[in-house]
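# Reading the structure
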Amino acid sequence: MALTDQVTDVLNKQINAEFYSSYLYLTFADYYEDRGLKGFANWYMIQAKEEMDHALAIRRYLLDNDFTPTMEAIAKPDKTFGSDIEPLEAGLEHEEYVTSLIHHCYEVAHEAHDVRTMKFLDWFVSEQGEEETNARDMTTNMKLFGCDPKGLYDLDREYQARVYTQMTALPL
Ligand SMILES: [Fe+2]
Ligand SMILES: [Fe+2]
């Protein structure tokens, strides 16, 4: 069963949104590198890789369903930050926005009675819940512990420990 034009359109747009997320998180990593917070930089570098995996999983899904996606231009992230908590807050806001995009994709698939795409998007729905939780925890931790140098050092060490593993839940 072929995907509808509406479904391929929102999924193609979602590829671009995931690449933009990757780009955005690279700028967060750049900010923390500049600040000397290599753990925070590591965390967002890995986040950027995960976002690219999300884009590639949607690309793969479209290709496997006989649709060739178009790689559109990626917008320039233009945020500048005045304090160490600002990227974290911007990250939470961005993930909430991406959740709304994923839910919209799901609604379009639902309207098309496209059960296969709904099932495919299930993983993204759950993932967005986890992403929001992580982003919220990071802002909370920063508010609680980031205000003194030792607390900030411990947080940075914690985020340094994050290791990238390529997504296995869906083919890329
Ligand atoms: Fe994502
Ligand atoms: Fe994300």
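As a reminder, the structure under discussion sits directly above these lines.
Residues numbered from 1 in each chain as written. Chains lettered and ligands numbered in written order. Predicted model: local features only at pLDDT ≥ 70, side-chain atom pairs only at ≥ 80, totals over all residues. Heavy atoms only, no water.

## Comments concerning the overall build of the chain
Put simply, the rule reads: Secondary structure counts use DSSP, requiring at least four H or I residues in a row for a helix and at least two E residues in a row for a strand, with both numbered from the N terminus. For this measure, only C-alpha atoms enter the radius of gyration; the expected value for a globule follows 2.2 Å times N^0.38, where N is the number of residues. Burial classes follow relative accessibility: with a 1.4 Å probe on protein chains only, a residue under 20% of its type's maximum area counts as buried, one over 50% as exposed, and anything between as partly exposed. With residues, only the protein chains shown are counted as cover, and all accessible areas are computed by Shrake-Rupley using a 1.4 Å probe.
Check the secondary structure of the chain and you find five helices and zero strands. Listed N to C, the secondary structure of the chain is α-α-α-α-α in terms of helices and strands. For a compact globule of 172 residues, the expected C-alpha radius of gyration is about 16 Å, and the chain comes in at 17 Å, within 12% of that figure. Over its C-alpha atoms, taken along the principal directions, the chain stretches across nearly 60 × 25 × 25 Å. By residue count, 47% of the 172 residues in the chain fall in the buried class. When the accessible surface of the chain is summed, it comes to about 9400 Å², and 53% of that surface belongs to carbon and sulfur atoms.

## So, the coordination of the iron ion (ligand 1)
Our working definition: Note that water is not among the atoms used; donors are N, O and S atoms within 2.8 Å of the metal (3.2 Å for Na, K and Ca), so sites may look incomplete.
Around the iron ion (ligand 1), the protein supplies Glu 18 (OE), Glu 51 (OE) and His 54 (ND1) as donor atoms, at distances of 2.1 Å. Read in sequence order, the donor residues coordinating the iron ion (ligand 1) give the pattern E-x32-E-x2-H.

## Quick look at the packing of aromatic side chains
To be explicit about the condition: Pairs were defined over the aromatic rings of Phe, Tyr and Trp, the Trp ring being its six-membered one, requiring ring centres within 6.5 Å. Orientation was assigned from the angle between planes: stacked under 30 degrees, edge-to-face over 60, tilted for the rest.
Evaluated as defined, the whole model comprises 14 aromatic pairs. For the pair Tyr 31 and Tyr 32, a centre-to-centre distance of 5.1 Å together with 75 degrees between the ring planes defines the contact as edge-to-face. You'll find Tyr 31 and Tyr 32 in the same group, each marked buried. On the numbers, 6.2 Å between centres and 10 degrees between planes, the contact of Tyr 32 with Tyr 44 is stacked. In this pair, Tyr 32 is assigned in helix α1 (residues 5-35) and Tyr 44 in helix α2 (residues 38-64), connecting sequence segments twelve residues apart. Judged by its relative accessible area of 3%, Tyr 44 falls in the buried class. A network of ring pairs unites the aromatic residues Tyr 25, Phe 28, Tyr 31, Tyr 32, Phe 40, Trp 43, Tyr 44, Phe 81 and Tyr 159 as a single cluster.

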